[in-house]
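Descriptive analysis of the structure
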Amino acid sequence: MSSTNKINVTVTYEQSTFLYNGTPTCQLVVQEDTSIRFKLDTATAANYRFAGIIFDNPNDPDIGKVSIKNQATELKIHDTYCKNDDDISFRIVLTPLNSHECIVSPDPQVINKPPM
């Protein structure tokens, strides 16, 4: 039995723009059971927290456990990779500290693709 693969993505929110590892787009290719950790960068974490995630298809069998950790500065998604050639589209929801507003990201994607 192999261990779960891990992907880390740093999320920055500045001037109404989401950046993932410094770029405005986030497409992650997954080829096995994978844990994906989205972590707010230090400057963003000083003003925002993860509030949740919105899946385009919440019944997708590849979506495993979703959790928010470390005082809502980390969001973890477990992709079980049970269905090959599948895209998981979602939006990340942030909330400013001391506010009930929500900020919704453009749609990151996890692309399940079998190894060639």
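Residues numbered from 1 in each chain as written. Predicted model: local features only at pLDDT ≥ 70, side-chain atom pairs only at ≥ 80, totals over all residues. Heavy atoms only, no water.

1. Some details on the sheet that holds strand E2 (residues 17–20)
Our working definition: Here the rule is simple: two strands pair whenever DSSP picks up at least two bridges between them. Under the DSSP-based scheme used, a helix requires at least four consecutive residues in state H or I and a strand at least two consecutive residues in state E, with every element numbered from the N terminus. Helix axes are fitted only over the stretch in contact, all axes being lines through C-alpha atoms; the angle between N-to-C directions runs from 0 to 180 degrees.
Spatial ordering of the open sheet is given by E2-E1-E4-E7-E6, a layout of five strands whose pairing is mixed. Each edge of the sheet is formed by a strand with only one pairing partner; in this case those strands are E2 and strand E6 (63–69). Taking the axes of each pair of neighbouring strands and ignoring which way they run, one obtains an average angle of 20° across the sheet. As defined by bridge partners, strand E1 (residues 5–14) adjoins strand E4 (residues 34–40) across seven bridges and the pair is classed as parallel. Directly across from Val9, in E4, lies its bridge partner Phe38.

2. Observations regarding the environment of Asn112
Selection rule: In this scheme, a residue with accessible area under 20% of its type's maximum is buried, one over 50% is exposed, and one in between is partly exposed, where area comes from a 1.4 Å probe on protein chains only. Residue contacts follow a heavy-atom distance rule, with two residues in contact if any of their heavy atoms lie within 4.5 Å. Any pair of nitrogen or oxygen atoms within 3.5 Å is treated as a polar contact; in protein, a donor-acceptor pairing is required on top of that, and neighbouring residues in sequence qualify only through side-chain atoms on both sides.
Along the chain, the position of Asn112 falls in strand E10 (residues 109–112). Judged by relative accessible area, which is 1%, Asn112 ranks as buried. Separated by 50 residues in sequence, Asn112 and Asp62 have C-alpha atoms that sit 8.7 Å apart. Once residues within four sequence positions are removed from consideration, Asn112 is found in contact with Val30, Asp62, Asp79, Tyr81, Lys83, Asn84, Asp85, Asp86 and Ile88. Within the structure, the side chain of Asn112 is placed 3.4 Å from the side chain of Asp79, a separation counted as a polar contact.

3. Looking at the pattern of salt bridges
For the record, the criterion: Salt bridge, as applied in this entry: a Lys or Arg side-chain nitrogen positioned within 4 Å of an Asp or Glu carboxyl oxygen.
Overall, the coordinates contain two salt bridges when judged by the stated rule. With a closest N to O distance of 3.3 Å, Arg37 and Glu74 form a salt bridge. Separated by 37 residues along the polypeptide, Arg37 in strand E4 and Glu74 in strand E7 (residues 74–79) bring together distant segments of the chain. One salt bridge connects Asp56 with Arg91, and the closest N-O pair in it is separated by 2.7 Å. Remark: Arg91 occurs in strand E8 (residues 86–96) and Asp56 occurs in the loop between strand E5 (48–55) and E6; sequence separation between them is 35 residues. Judged by its relative accessible area of 46%, Asp56 is partly exposed. With relative accessibility at 25%, the residue Arg91 sits in the partly exposed group.

4. Describing the nonpolar core
Cut-off, in case you're wondering: For this analysis, a nonpolar core means a set of buried residues of the types Ala, Val, Leu, Ile, Met, Phe, Trp, Tyr and Cys, connected via side-chain atoms within 4.5 Å.
Ranked by size, the top nonpolar core spans 27 residues in total, and within it Leu28, Phe38, Phe50, Phe90 and Leu94 carry the most contacts. Contributions of two or more residues to this core are made by E1, E2, strand E3 (27–30), E4, E5, E7 and E8. Excluding its chain neighbours within four sequence positions, the residues that come into contact with Leu94 are Tyr13, Phe18, Leu40, Tyr48, Arg49, Phe50, Ala51, Glu101, Cys102 and Ile103.

5. Some thoughts on unusual backbone geometry
Even without a glycine there, the phi angle at Asn21 is positive, about 50°. Checked against the element boundaries, Asn21 lands in the loop between E2 and E3. Positive phi values are uncommon outside glycine, yet Asn98 reaches one of about 60°. In this fold, Asn98 is placed in the loop between E8 and strand E9 (103–104).

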